[in-house]
Amino acid sequence: MTVVAHTIAEVRQAVSQWRREGKTIGLVPTMGYLHEGHQSLIDQAVHDCDCVVVSVFVNPTQFGPGEDLESYPRDFNHDFALCEAAGAALVFHPEPEELYYPNRSTTIHMAELSEELCGKSRPIHFDGVCLVVAKLFNIVTPDKAYFGQKDAQQLLIIKRMVRDLNFPLEVVGCPIIREADGLAKSSRNTYLSEAERQAAVVLSRAIACGRELAASGERDPHAITQAMREVLAGEPLADVEYVEIVSQACVKPVEGLIDEPILCAIAVRIGTTRLIDNFFFDPNA
Ligand code: PAF
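Residues numbered from 1 in each chain as written. Predicted model: local features only at pLDDT ≥ 70, side-chain atom pairs only at ≥ 80, totals over all residues. Heavy atoms only, no water.

Caption draft 1: Just the packing of aromatic side chains, in detail. All told, the structure shown has 5 aromatic pairs when counted by the stated rule. Their ring planes at 80 degrees and their centres at 6.5 Å tell us that Phe137 and Phe147 sit as a pair that is edge-to-face. In this pair, Phe137 is assigned in helix α6 (residues 125-140) and Phe147 in strand β5 (residues 144-148), connecting sequence segments 10 residues apart. Of the two residues, Phe137 and Phe147, neither departs from the other in class, the shared state being buried. (Phe/Tyr/Trp six-rings, centres within 6.5 Å; stacked < 30°, edge-to-face > 60°. Helix = DSSP H or I, 4+ residues; strand = E, 2+ residues; numbered from the N terminus. Buried < 20%, exposed > 50% of the residue type's maximum accessible area, 1.4 Å probe, protein only.)

Caption draft 2: Spatial organisation of the pattern of salt bridges. For the structure shown, the criterion picks out 14 salt bridges. For Glu21, the salt bridge goes to Lys23, with nearest N and O atoms at 2.8 Å. Classification of Glu21 by relative accessible area gives partly exposed; the value is 41%. Looking at Lys23, the relative accessible area reads 31%, which means it is partly exposed. For Arg188, the salt bridge is made with Asp68, and the minimal N-O distance between the two is 2.9 Å. (Salt bridge = Lys/Arg side-chain N within 4 Å of Asp/Glu carboxyl O.)

Caption draft 3: Summary view of the sheet that holds strand β6 (residues 170-174). What the 6 strands build is an open sheet, ordered β1-β4-β3-β2-β5-β6; its pairing is parallel. Looking along the sheet, the strands with just one partner apiece sit at the ends: β1 (3-5) and β6. Sheet twist, expressed as the average angle between the axes of neighbouring strands with direction ignored, equals 25 degrees. Relative to strand β4 (residues 90-92), strand β3 (residues 51-56) runs parallel, the two sharing 3 bridges. Bridged to Val53 within β4 is Leu90. Contacts between helix α2 (residues 36-48) and the sheet are confined to β2 (25-30), β3, β5 and β6, with β5 contributing the most and set at about 155 degrees to the helix. (Pairing = 2+ DSSP bridges. Axes fitted to C-alpha atoms, helices over the stretch in contact; angles between N-to-C directions. Contact = heavy atoms within 4.5 Å.)

Caption draft 4: Quick look at the pairing of β3. The buried count for β3 comes to 6 of 6 residues, which makes it a mostly enclosed element. With burial as the criterion, each face of β3 is covered, one bearing Cys51, Val53 and Ser55 and the other bearing Val52, Val54 and Val56. Bridge analysis of β2 against β3 gives 6 bridges, and the strand direction is parallel. Note that in β3 the partner of Pro29 across the bridge is Ser55.

Caption draft 5: A look at unusual backbone geometry. In this structure, Tyr33 takes a positive phi of about 50 degrees despite not being glycine. Note on placement: Tyr33 falls in the loop between β2 and α2. Tyr33 gets classed as partly exposed once you look at its relative accessible area, which sits at 27%.

Caption draft 6: Geometry of the environment of Leu155. Looking at where Leu155 falls in the secondary structure, it is placed in helix α7 (residues 152-164). Along the chain, Leu155 and Cys174 lie 19 residues apart, while their C-alpha atoms are 9.5 Å from each other. Sequence-distant contacts of Leu155, defined by excluding residues within four places in its chain, comprise Phe147, Gly148, Gln149, Val171, Gly173 and Phe280.

Caption draft 7: Highlighting α2. End to end, α2 covers 18 Å across 13 residues, agreeing with the expected 18 Å (1.5 Å per residue, within 8%). Turning to α2, its buried residues number three or more, namely Gly37, His38, Ser40, Leu41, Ile42 and Ala45. In this structure, the buried side of α2 is in contact with β2, β3, α3 (76-86), β5 and β6. (Expected span 1.5 Å × (residues − 1).)

Caption draft 8: Spotlight on the environment of Glu21. The topology assignment puts Glu21 in the loop between α1 (8-20) and β2. Considering only alpha carbons, one finds Glu21 and Ala5, 16 residues apart in sequence, at a separation of 20 Å.

Caption draft 9: Quick peek at the side chain of Gln153. Tracing the backbone through its elements, the reader meets Gln153 in helix α7. In this structure the side chain of Gln153 is engaged in a polar contact, spanning 3.0 Å, whose partner is the backbone oxygen of Glu116. The residues contacting Gln153, other than those within four sequence positions of it, are Leu113, Ser114, Glu116, Leu117, Cys118, Gly119, Phe126, Val251 and Leu263. (Polar contact = N/O pair within 3.5 Å; in protein donor to acceptor, adjacent residues only side chain to side chain.)

Caption draft 10: Looking closely at the site of the ligand. Taken together, Pro29, Thr30, Met31, Asn59, Gln62, Val129, Val132, Phe147, Asp151 and Gln154 make up the full set of residues near the ligand. Measuring from an oxygen atom of the ligand, one finds a side-chain N or O atom of Gln62 at 2.6 Å. Counting residues per element, the ones that place at least two in the shell around the ligand are β2 and α6. Broken down by class, the residue content of the shell around the ligand amounts to 5 nonpolar, 4 polar and 1 charged. (Near = heavy atom within 4 Å. Nonpolar A, V, L, I, M, F, W, Y, C, P; charged D, E, K, R; others polar.)

Caption draft 11: Geometry of the layout of surface pockets. In this structure, the second largest pocket encloses a volume near 210 Å³. Along its surface, the second largest pocket is lined by 16 residues, and Val56, Phe57, Val58, Arg74 and His93 are the ones closest to its centre. Per-class residue counts for the lining of the second largest pocket are 10 nonpolar, 2 polar and 4 charged. (1 Å grid on protein atoms, 1.4 Å probe; cavity = no way out; pocket = protein on both sides within 12 Å on 5 of 7 lines; lining within 4 Å. Points joined across faces, edges and corners; volume = space filled by probe spheres on them.)

Below you can see the structure in the form of structure tokens.
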């Protein structure tokens, strides 16, 4: 049976009981409007851990002014049904007031890793993500926490925060789940009109192009990103924000040839909807 908790006290009570029973705990943090991408995280967590907590919380501190906090899609009944069917033990669905004191004064600043890619256009985003994820870690005290590679910069940042702040847990990164035509699953795909939805497939085509070039031995980051830009340029509805190859270690652009594990990431606006996609590549693997 899956239970819903709206308060921190309810979560702590359930977690204490599980700990007394010697059970392992998995956490899947989400902002709700769950799709097959989230489901794959929950499935992995249910496979690995005795008890799985899914948090469903549209976190205000990670949205900048003018971003889609108010319009972000929400459907808790659907989310609960998905969590229940997937075998989650508890769904944590707090109000913002439960997580954030009006006079809160503690922040987390992720330096360096948050400066490139999405951090350039969303300067407060990753600090807000770190803050809420750190709070969820303290509330749920999971053994393992699951994040999608779709948000690759976020995944690298959470791993760094866990290392730097000595959280006693393992961060598990899970592969990107795609639609049949290749578009990476995202709650924001629901913003797309029919024509935009068709145009959006250009992101995964650009990613496939870059990945194939890297796999076939191309080591010049500019040659790879240029070829990807050409694919994106073929779609009139695509407005490119960035196409970048960065080091996985420091999330800074790779200078010279690729000789370390990299993240190749893109952000593209299709109409007013900002979409992201990426691939990881290790030249030494
Ligand atoms: O990836 C997300 O959905 C959010 O950034 C997260 C990790 C749930 C924090 O609000």
